[in-house]
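Residues per chain are reported as follows:
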Amino acid sequence: MSEKESVTECQTAENVASTYPSPAKSLGEPGITPLSPSMSPKDSEQTASLHQSFVVVVAIDFGTTSSGYAYSFSRDPECIHIMRRWEGGDPGVSNQKTPTTILLTPDGKYHSFGYAARDFYHDLDPNDSKQWLYFEKFKMNLHTTSNLTIETELEAANGKKVKAIEIFACALMFFKDHALQELSDQAGSQFGNPDVRWVITVPAIWKQPAKQFMRQAAYKAGLASPDCPEQLIIALEPEAASIYCRKLRLHQMIDLSAKDAANGYSATETLSSGITHAKECTRRNRQSRTFLVENVIGEIWS
């Protein structure tokens, strides 16, 4: 990156973060909040207490075409619950994700998200639909916009423009409300936002201004606040996928080592031979990395 491009990116980050103070001043990049906000040694006890206060972790996969979320309770983090019930869509079909589409009323107020937004908009009379604000596949605008700021706008299907921060905040607010309602229904008691730690995945190719923009949108949606940045984690998509794949392979090794001699294993086999054989089985059945990531991307929330 040239010196001119570096200066331009820092200036863009300052514009995006101007609405909220950043806890990342010590990192040398003013206005850019790190993916996991750094804490000084003095805050270690406070951080530990904060982590213990979250009852559940909800991870949102905000995709270009489709989005979804999953959650796990702190008492049983290995048990991942993936949301499969969405309003609208094909009857009787269980989907892990809902389309990343959002619909605003003619006066600019939030109406619906996902299948509900898509179906409602497509059912409108052609003349009426010109008055509604429909957005789809808008995520990567944060990456392609050269001078990203809080004032950056997105263009709806009818040509009208709305501030991007409002669109992303509405989308994240939908997931927040949906997740809290789902948690309350499953647990039989009311869940509040302070009980939840949020995770949002973003592409690794995004520059710091785009990542910071997503954090500001989450603040605006009420997922977290600048006073409690640790409640929100911005995670890189390939890192999340890598962790999942590594964890999956470990489980495969453990499962294979427990198989009986009929499958090539016995209980008396050494750990090293079990791992060697497991690696060989994994190698034989391994597909291309791209295909693997595409297959497991719906599970990366874990």
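Residues numbered from 1 in each chain as written. Predicted model: local features only at pLDDT ≥ 70, side-chain atom pairs only at ≥ 80, totals over all residues. Heavy atoms only, no water.

A. Representation of the pattern of salt bridges. If you walk through the whole model with that rule in mind, you get seven salt bridges. Between D119 and R118 there is a salt bridge whose closest N-O contact spans 3.2 Å. Residue R118 is classed as partly exposed on the basis of its relative accessible area, which comes to 26%. E237 is the partner of K139 in a salt bridge, and the nearest nitrogen-oxygen pair spans 2.9 Å. Here the residue K139 occupies a position in the loop between strand 7 (133-136) and helix 5 (141-144), and E237 occupies one in helix 8 (residues 237-257), the gap between them amounting to 98 residues. (Salt bridge = Lys/Arg side-chain N within 4 Å of Asp/Glu carboxyl O. Buried < 20%, exposed > 50% of the residue type's maximum accessible area, 1.4 Å probe, protein only. Helix = DSSP H or I, 4+ residues; strand = E, 2+ residues; numbered from the N terminus.)

B. Spotlight on the environment of P238. As for its position among the elements, P238 is in helix 8. Taking the relative accessible area as the measure of exposure, P238 reaches 46% and is therefore partly exposed. When the C-alpha atoms of P238 and V202 are compared, they prove to be 8.9 Å apart, with 36 residues separating the residues in sequence.

C. Main features of the packing of aromatic side chains. Counted by the stated rule, this structure contains 15 aromatic pairs. Measuring from ring centre to ring centre gives 5.6 Å for F62 and F168, while their planes differ by 25°; the resulting arrangement is stacked. Placement of F62 in the loop between strand 1 (56-61) and strand 2 (66-73) and of F168 in helix 6 (residues 164-187) is noted, with a sequence separation of 106 residues between them. When its relative accessible area of 0% is taken as the criterion, F62 is described as buried. Taking the relative accessible area as the measure of exposure, F168 reaches 0% and is therefore buried. On the basis of an interplanar angle of 90° and a centroid distance of 5.2 Å, the ring pair of F138 and F168 is categorised as edge-to-face. Of this pair, F138 sits in the loop between strand 7 and helix 5 while F168 sits in helix 6; the two residues are 30 residues apart in sequence, bridging distant segments of the chain. Residues F138 and F168 agree in their burial class; the two are buried. Ring pairing ties together the aromatic residues Y69, W86, F113, F174 and F175, which thus form one cluster. The ring of F73 has R75 lying over it, and the distance from NZ or CZ to the ring centre is 4.8 Å. (Phe/Tyr/Trp six-rings, centres within 6.5 Å; stacked < 30°, edge-to-face > 60°. Lys NZ or Arg CZ within 6 Å of the ring centre and 35° of its normal.)

D. A look at the sheet that holds strand 5 (residues 101-104). A sheet is described by the order of its strands in space; here three strands give the open sequence 6-5-7, paired in antiparallel fashion. Bordering the open sheet on either side are strand 6 (110-113) and strand 7, each of which pairs with just one other strand. Strand-to-strand, the axes of this sheet are offset by a mean angle of 15°, without reference to chain direction. Sheet analysis places strand 5 next to strand 6, joined by three bridges and oriented antiparallel. Looking at strand 6, one finds that L104 is bridged to Y110. Packed onto the sheet, helix 6 meets strand 5, strand 6 and strand 7 and runs at close to 60° relative to strand 6. (Pairing = 2+ DSSP bridges. Axes fitted to C-alpha atoms, helices over the stretch in contact; angles between N-to-C directions. Contact = heavy atoms within 4.5 Å.)

E. Seen up close, helix 6. When the terminal C-alpha atoms of helix 6 are compared, their 35 Å separation across 24 residues agrees well with the 34 Å that a helix rising 1.5 Å per residue should span. At the exit of helix 6 stands G188, carrying a positive phi of roughly 75°. (Expected span 1.5 Å × (residues − 1).)

F. Representation of the nonpolar core. Of all hydrophobic cores here, the largest spans 53 residues; its most connected members are V58, Y69, F135, F168, L172 and M214. For this core, the secondary structure elements donating two or more residues are strand 1, strand 2, strand 5, strand 7, helix 6, strand 10 (196-202), helix 7 (208-221) and strand 11 (232-236). The element that contributes the greatest number of residues to this core is helix 6, accounting for 13 residues. Judged by nonpolar contacts, the second largest core, of six residues, contains L103, A117, Y121 and W132. (Core = buried A, V, L, I, M, F, W, Y, C linked by side-chain atoms within 4.5 Å.)

Keep in mind these values describe shape, not function.
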